[in-house]
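# Tertiary structure, described
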Amino acid sequence: WLSVDPRKGDLQAYPAAVVQMLEQALHAKKPMVNFGESFHGITVHLVGPKFEQETSRGRRDVIRREVEQEAAFVSAFIAQQGYWKEVDRTTEGAKEINLALRPGDSYRLATTSL
């Protein structure tokens, strides 16, 4: 699970504990997870065509990627359309960015089917 920094266009990985809660909520078909003060006051919305993170300061795209266990990085296509956001690779101005995965950046899924 990653977010796209809307000002810089960077990918940011969520910590494993947050990822675990997001996965549980997704599988339970919950529309959102409100982390409150336990994680920067964010709420992650899990409905619609794209997931989104909301704070008192704004919104950003949230990306869920399944990667191989030994993956060294994860990638996404982003474009600046008023702010940086995830887009399809065919979108004009799209660029692929990579984020190196560190230990703890991913969460092992018990199942990959939703």
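Shown above is the structure to which this text applies.
Residues numbered from 1 in each chain as written. Predicted model: local features only at pLDDT ≥ 70, side-chain atom pairs only at ≥ 80, totals over all residues. Heavy atoms only, no water.

## Things to note about the overall build of the chain
- The helix and strand inventory of the chain stands at one helix and nine strands.
- In the chain, the succession of α and β elements from N to C terminus is β-β-α-β-β-β-β-β-β-β.
- Put simply, the chain has 114 residues, and 36% of those count as buried.
- Long-range contacts, defined as pairs at least 24 residues apart, comprise 45% of the intrachain contacts of the chain with a sequence gap of at least 6.
- Here the chain has roughly 7,400 Å² of accessible surface; of this, 48% comes from carbon and sulfur atoms. (Helix = DSSP H or I, 4+ residues; strand = E, 2+ residues; numbered from the N terminus. Buried < 20%, exposed > 50% of the residue type's maximum accessible area, 1.4 Å probe, protein only. Contact = heavy atoms within 4.5 Å. Areas by Shrake-Rupley, 256 points an atom, 1.4 Å probe, with all protein chains shown as cover.)

## Structural notes on the packing of aromatic side chains
- Considering all chains together, one arrives at three aromatic pairs under this definition.
- Aromatic ring contacts, followed pair by pair, group Tyr 14, Phe 35 and Phe 39 into a single cluster. (Phe/Tyr/Trp six-rings, centres within 6.5 Å; stacked < 30°, edge-to-face > 60°.)

## Re the nonpolar core
- Counting residues in each nonpolar core, the largest one holds 15 residues, and the members touching the most others are Trp 1, Tyr 14, Leu 22, Phe 35, Val 44 and Leu 46.
- Elements with a contribution of two residues or more to this core: helix 1 (16–27), strand 3 (32–36) and strand 4 (42–45).
- Top element by residues in this core is helix 1. It accounts for five residues.
- Not counting residues up to four positions away in its chain, the partners in contact with Trp 1 are Gln 12, Ala 13, Tyr 14, Val 19, Leu 22, Glu 23, Leu 26, Leu 46, Phe 51, Val 62, Ile 63 and Arg 64.
- Residues Leu 2, Val 74, Ile 78 and Leu 99 belong to the second largest nonpolar core, which totals 10 residues. (Core = buried A, V, L, I, M, F, W, Y, C linked by side-chain atoms within 4.5 Å.)

## Observations regarding the sheet that holds strand 3
- Read from one edge to the other, the open sheet built from six strands follows the order 2-1-6-5-4-3, with strand pairing classed as antiparallel. The sheet terminates laterally at strand 2 (11–13) and strand 3, the two strands that pair on one side only. Here the strands of the sheet are splayed against their neighbours by 25° on average, with no regard to which way each runs.
- Pairing between strand 3 and strand 4: four bridges, direction antiparallel. Bridging from a neighbouring strand, Val 33 pairs with Val 44 of strand 4.
- Sheet strands touched by helix 1: strand 3, strand 4 and strand 5 (51–55). Its angle to strand 3, the strand with the most contacts, is close to 150°. (Pairing = 2+ DSSP bridges. Axes fitted to C-alpha atoms, helices over the stretch in contact; angles between N-to-C directions.)

## A short note on the pattern of salt bridges
- Applying the stated criterion across every chain yields a total of six salt bridges.
- A salt bridge links Lys 50 to Asp 61; the nearest nitrogen and oxygen atoms lie 4.0 Å apart. On the criterion of sequence distance, the pair formed by Lys 50 in the loop between strand 4 and strand 5 and Asp 61 in strand 6 (residues 58–63) is long-range, its members being 11 residues apart.
- The class for Lys 50 is partly exposed, based on a relative accessible area of 37%. (Salt bridge = Lys/Arg side-chain N within 4 Å of Asp/Glu carboxyl O.)

## Here's the deal with the sheet that holds strand 7 (residues 73–80)
- Pairing in this open sheet of three strands is antiparallel, and the strands run 8-7-9 from one edge to the other. Each edge of the open sheet is held by one strand with a lone partner, namely strand 8 (84–86) and strand 9 (95–100). For this sheet, the mean inter-axis angle between neighbouring strands, taken without regard to orientation, is 45°.
- Here six bridges tie strand 7 to strand 9, and the two strands are oriented antiparallel to one another. Residue Ser 75 lies in a different strand from strand 9, and its bridge partner there is Asn 98.

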